[in-house]
Amino acid sequence: MSDSAQRTPDHRPYFFLSYAHTPRYGAGGPDPDMWVERLFRDLCGHVMAMTDLPAGAQAGFIDREIRSGEGWSERLGEVLATCRVFVPLFSPRYFASEMCGKEWYAFAQRAIYHQAKSNRSAEAIVPALWVPMPPEQLPGPAERLQFNHGAFGDRYVTDGLYGLIKLRIFAEEYEAAVYELAKRIVSVADTTRIASGSPVDYRHAPSAFGKTTGGPRPMHLMIAAPTRHELPDGRSPAYYGKQSQDWNPYHPESARPLAYVAQDLVRSLNYQATISSFDHEVPPDPHQPPTRPEILLVDRWALEDDDRCARLAAFDAEPRPWVSVVVPWNRDDPQSRISEAQLVEKLERTMPHQMRQGRAACRAAAKGVLSMEAFGQMLPQVVEAAAQEYLRHAAVYPPAPPAGTVRPERPRLRGPMAEYGTTHFAPPTRGTAPDAEDTDDSRS
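Residues numbered from 1 in each chain as written. Predicted model: local features only at pLDDT ≥ 70, side-chain atom pairs only at ≥ 80, totals over all residues. Heavy atoms only, no water.

## Overview of unusual backbone geometry
Note the following rule: Only runs of H or I of at least four residues qualify as helices and only runs of E of at least two qualify as strands under DSSP, and these elements are numbered from the N terminus. Note on exposure labels: buried denotes an accessible area under 20% of the residue type's maximum, exposed denotes more than 50%, and partly exposed covers the range between, all computed with a 1.4 Å probe on protein chains only.
Of the consecutive residues His 251 and Pro 252, the connecting peptide bond is found in the cis state with omega at 5°. Following the sequence through the fold, Pro 252 ends up in the loop between β5 (218–224) and α9 (258–267). With a phi close to 60°, Asn 119 is a non-glycine residue in the positive phi region. Relative to the assigned elements, Asn 119 resides in the loop between α5 (98–118) and β4 (128–129). Backbone geometry places Arg 193, a non-glycine residue, at a positive phi of 55°. Within the fold, Arg 193 resides in the loop between α8 (171–192) and β5. Overall, Arg 193 belongs to the partly exposed group, its relative accessible area being 24%.

Printed below as a string of structure tokens:
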């Protein structure tokens, strides 16, 4: 048992076991999830033995216990907001499940807030291989995890926990792997100490695995903010740094620049997120289709610079529905509170089109987001809106007919964020790409 566990009693569940339910083979057939339940019981037993949790306390949580009861989504949200470690059971079925993706996202955003407030990394996801998964088949949030599965044994790596638990000849390998997994859970829980968060509305939470398969999905973040050396007279430098990307509007609640918090949140939605300063962006050709969806984070104080104000007005003059504007705003900042009416009027006069376009969530984001937590709740909706508008306006690529084909079949156009690298494309044409299809959930 660790010293930290002895010094600071904490009776929250040590871990949340997230898995994809497996359909029964037929009516009245055996329940394939009984093996997951056995794994859960074994992990709970080890965790209880390694910690000072009192009798009757929850060592872990598995969502099957409450799926059929009332208040299921509320209970699930509460546990994901308080558990100390998230343990996903990797399998192809897991990453095809929207509900598993929602669980992953609900926990991941807690870790992002923790890092934003403390400026310390918070890696509290401990993955386990239920079925071995090649790295190239993992979505971005899972692929980016720095985790050494080899520490749990060679047979575990080649067969996964399912292979070990099903075959008696691997009983010792199974026990060793589960014991090592339990030790890792306890170690991460005691050293990371992620604070409890506000429950996510699970029914409306996004999936961390996205809606498309194949290649990476791009999303670009532009920051329109002054540097510490470009501030208007009298403006406090506490919210700024050497670059626009260092802008930290929610200081002192957040110890980390908002651009990097936003990048982590976007990545947790299975996008490849890039960041740049709006001041360094080359104006795009208005006659060409977009190359990526974009989020523009605007500091209202940035408009006090006449040149930047003129560039933002020129940006607004060209219709760009694939760009969503977000205006972070901290009313606990006394200077911003005093100057709010004047700065709001100037931004609305400078960027009238961007301030009024898009879905209700986008319009609300452009009016001002008052806290970091509100920013995290709003961002997935804004990202989705920008991505969908990008799909509608970007170039589409009809596949070239096979060599020697006399009457090729009518091609199905593929959107620019769909599959990558498997087809030779003809020259791009301007058109409307179909929306990405939702992934069917594999859970019962």
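Further notes follow.
## Focus on the nonpolar core
Rules: Put simply, buried Ala, Val, Leu, Ile, Met, Phe, Trp, Tyr and Cys residues joined by side-chain atoms within 4.5 Å make one nonpolar core.
Counting 104 residues, the largest nonpolar core has Phe 15, Trp 104, Leu 161 and Phe 375 as its most contacted members. The biggest single contributor to this core is α5, with 10 residues.

## A look at the layout of surface pockets
The condition that has to hold: For each structure, a 1 Å grid was placed over the protein atoms alone; sets of points admitting a 1.4 Å probe that cannot get out are labelled cavities, open sets with protein on both sides within 12 Å along at least five of seven lines are labelled pockets, and lining residues have an atom within 4 Å of a point. Grid points are joined across faces, edges and corners, and a volume is the space filled by probe spheres set on the points. Nonpolar residues are Ala, Val, Leu, Ile, Met, Phe, Trp, Tyr, Cys and Pro. Charged residues are Asp, Glu, Lys and Arg, and all others, Gly as well, are polar.
In this structure, the second largest pocket encloses a volume near 530 Å³. Along the wall of the second largest pocket there are 23 residues; nearest its centre are Val 282, Pro 283, Pro 284, Phe 315 and Arg 320. Take the lining of the second largest pocket: its biggest share by element is three residues, from helix α10 (residues 306–317). Class assignment of the residues belonging to the lining of the second largest pocket gives a composition of 12 nonpolar, two polar and nine charged.

## Concerning the sheet that holds strand β7 (residues 294–298)
Put simply, the rule is: Whether two strands pair comes down to DSSP finding at least two bridges between them. Axis definition: a line fitted to C-alpha atoms, limited for helices to the stretch in contact. Angles are taken between N-to-C directions and run from 0 to 180 degrees.
Ordered by their spatial adjacency, four strands build an open sheet running β6-β5-β7-β8, and the pairing between neighbours is parallel. Of all strands in the sheet, those bounded by a partner on one side alone are β6 (272–277) and β8 (323–326). The sheet shows a mean angle of 20° between the axes of neighbouring strands, taken without regard to direction. Bridge analysis of β7 against β8 gives four bridges, and the strand direction is parallel. Its bridge partner being in β8, Ile 295 is matched across the sheet by Ser 324.

## Some remarks on the environment of Ala 122
The line we're drawing: In what follows, residue pairs with any heavy atoms lying within 4.5 Å of each other are defined as contacts.
The topology assignment puts Ala 122 in the loop between α5 and β4. By relative accessible area, Ala 122 is classed as buried at 9%. Once the C-alpha coordinates of Ala 122 and Arg 110 are considered, the two residues, 12 residues apart in sequence, prove to be 9.2 Å apart. Those residues in contact with Ala 122 that sit more than four places away from it in its chain are Ala 111, His 114, Thr 192 and Ile 194.

Function-wise, these values are silent; they only describe arrangement.
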